[in-house]
Amino acid sequence: MKNYLLILLMMFPLLSHSAISRKPSNNVLKIGMTQEFENMNPIIKQMMATSYIYEMVGRTLVVLDEKGKWIPQLVKKYPTLENGLAKMYTEKGVKKIKVQWEMKDLASWGDGTPVTGYDVEFSHKIALSKNISVGETEVYAQVEKIIVDKKNPKKFTFINEKAKWSFNQLATFQIVPKHLESAVFDKFGKDKEGYSKNSIYSVNPTHPGLYNGPYKIQEIKLGSHVTLVPNPTFYGKAPKIQKIILKLIPNTGTLEANLRSGNIDMISILGLTLDQAISLDKKLKKEKSSHRVNFKQGLIYEHIDLQLSNPILKDINVRKALVHSINRQKLTQALFEGKQTPALHNVAPIDTWFTKDPKKVVVYKYSRRKAKKLLDKAGWKMGKDGYRHKDGKKLGFQLMTTSGNKLRELVEVYLQEEWKKIGVEISIKNEPPRVYFGETVKKSKFPAMAMFAWISSPENTPRSTFHSKSIPTDKNGYSGQNAPRWKNKSVDKLIDEIDVTFDSDKRKELVHKVLYHYTNEVPVIPLYYRSDISVTPKNLVGYKLTGHQFSSGNHVEGWELK
């Protein structure tokens, strides 16, 4: 493993070790990021890169703060059963919840049009269209009806079809401006992906009326940068930084050079890998630099989705053999000095739902001997060429990930070598993140293996990634994030039960049953849990890493360079 790392490092020129001493001002802050956004429409977006940018220009009803607490954002109050803004009732034998919301008085779109319940109602209609690809539809589908107060459109009521414990955790319930987007939806909404392609967010993403956050998008140059400037109609605190430039630097290996040269002032959470961050942290401390590296243990799950429609991967013995043959402990120790841990499943250790109890989940210890026995059992016999064969076919898979990410490319080489030892041939094909996430993963087009990371909120019911109804298909407009196409009736039933279970201990028990099926059937190969990492100027105050899917951009108006 260390040899692979050494070879990779030798492929790149040595970076200058000159100290970073400049202090950026509130005039402009240049942030480096490795991924380009796919579509700024908040309902359609699925990439973390898009979310990172959007959270600086857009707001949602409620959000999870850096302490893991749910707080109101666009609305005045966070509704709960305790404060009376949410009420449970029974209708025709079904328990439902009525939730009252009210937008902040000054909340408006960037063109001055007030944000109202009509925008929420319209966005709900868009998100449930079968012709539009939405990653997480359940957050919209759980709302049966939206009633807007005609006398005061700032007030609106949700009638939820079921009484779900997470009825008020709607940070992914995104809204778009009805006064701009309704004409587009009326014209193109009946065509497959027609609205997505013709949305103003796609054809004119710098239109100020598309955004209701502290900043608006001034300029987009694909392949280069996105420029943000303060939104004068923002309802909250006016941002201090007058211009933010988000610069695309696809190669993770060149971020440090760009930081030292002054091409960027900061590296976003979509930047350095942990091994790079550890090395840079040591350098900056030694140099007494004006920059710092920030670390926070997060809810980030690096894994490999397995294409279960692949005839070979349908065999559970093959899937289990692939997991047994990876020494994940050695991998994480070599790359991260043990500061990131091997993953057992999709729930990270800092989540209250996490368990490593072998009585509750299947734990796969590294064993090449077990892996070989499983492949023998599956009928794949070792040939003279060093690879396994069955019915005249060689056992091999294509492994894909995001191009330009040097850590992932290193992991690919490691996996290629490990799987070769048990007779499995791996070919590597990587794509730019915009294509990889916007098409290949989103539409489940990868032929065998897709490596990437999920980032979630704590206690997040895995409906969009595990439920069989969340398999993206042409019929549902490629909505849902169950890219492996995993189907398990027991898991579907358990997820449905989790949603309506208000007792937290009972809910955790149900989650652990889901995790048993997940680890037992191996629709996904867990790799490791990642930390949130960024590099910021020391004179940047008000900046906080969150460790979950709702990033520091949600409090960007509080950033200040002193």
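In this text, all values refer to a predicted model and were calculated from it rather than measured experimentally. (Residues numbered from 1 in each chain as written. Predicted model: local features only at pLDDT ≥ 70, side-chain atom pairs only at ≥ 80, totals over all residues. Heavy atoms only, no water.)

J.: Even after reading the chapter, I still don't get the pairing of strand β8 (residues 215-221), so can you show me in this structure?
T.: Where β8 lies against strand β9 (residues 225-230), 6 bridges are found, and the strand directions are antiparallel. Directly across from K221, in β9, lies its bridge partner H225. Following β8, the chain reverses through 3 residues before pairing antiparallel with β9; G223 in that reversal takes a positive phi of roughly 80°. (Pairing = 2+ DSSP bridges. Helix = DSSP H or I, 4+ residues; strand = E, 2+ residues; numbered from the N terminus.)

J.: What am I meant to see in the pairing of strand β17 (residues 425-428) here?
T.: Along any regular strand, the residues point their side chains to alternate faces of the sheet. Where strand β16 (residues 396-400) lies against β17, 4 bridges are found, and the strand directions are parallel. Counted as the bridge partner of G396 is E425 from β17. Regarding topology, helix α13 (residues 406-420) serves as the crossover connection from β16 to the parallel β17, and that connection is right-handed. (Right-handed = clockwise from strand over helix to strand, strands pointing away.)

J.: Honestly, the environment of D496 in this entry has me stumped. Any pointers?
T.: For D496, the position within the fold is in helix α16 (residues 489-499). Linking D496 and L284, residues 212 residues apart in sequence, is a C-alpha distance of 49 Å. If we skip the residues at most four places from it in the chain, D496 touches R463 and H467. (Contact = heavy atoms within 4.5 Å.)

J.: Where do I start with unusual backbone geometry in this structure?
T.: For residues that are not glycine, phi is negative in most cases, and the peptide bond is trans in most cases. Even without being glycine, Y478 reaches a positive phi, approximately 60°. Even without being a glycine, R485 presents a positive backbone phi close to 65°. Secondary-structure assignment places R485 in the loop between α15 (463-466) and α16.

J.: When you look at α16 in this model, what are you seeing that I'm missing?
T.: An α-helix turns once every 3.6 residues. As a result, residues three or four positions apart point the same way. When we look at burial in α16, the residues that qualify are V491, D492, L494, I495, I498 and D499. End-on view of α16: buried residues confined to an arc of 165°, all on one side of the axis. Opposite its buried face, α16 presents the exposed residues K489 and K493, each directed more than 90 degrees away. On its buried face, α16 is in contact with α4 (138-141), α15 and α17 (504-521). Looking at where α16 begins, the residue whose side-chain oxygen comes 2.9 Å from the main-chain nitrogen of S490 is N488. (Buried < 20%, exposed > 50% of the residue type's maximum accessible area, 1.4 Å probe, protein only. Arc of directions from axis to C-beta. Polar contact = N/O pair within 3.5 Å; in protein donor to acceptor, adjacent residues only side chain to side chain.)

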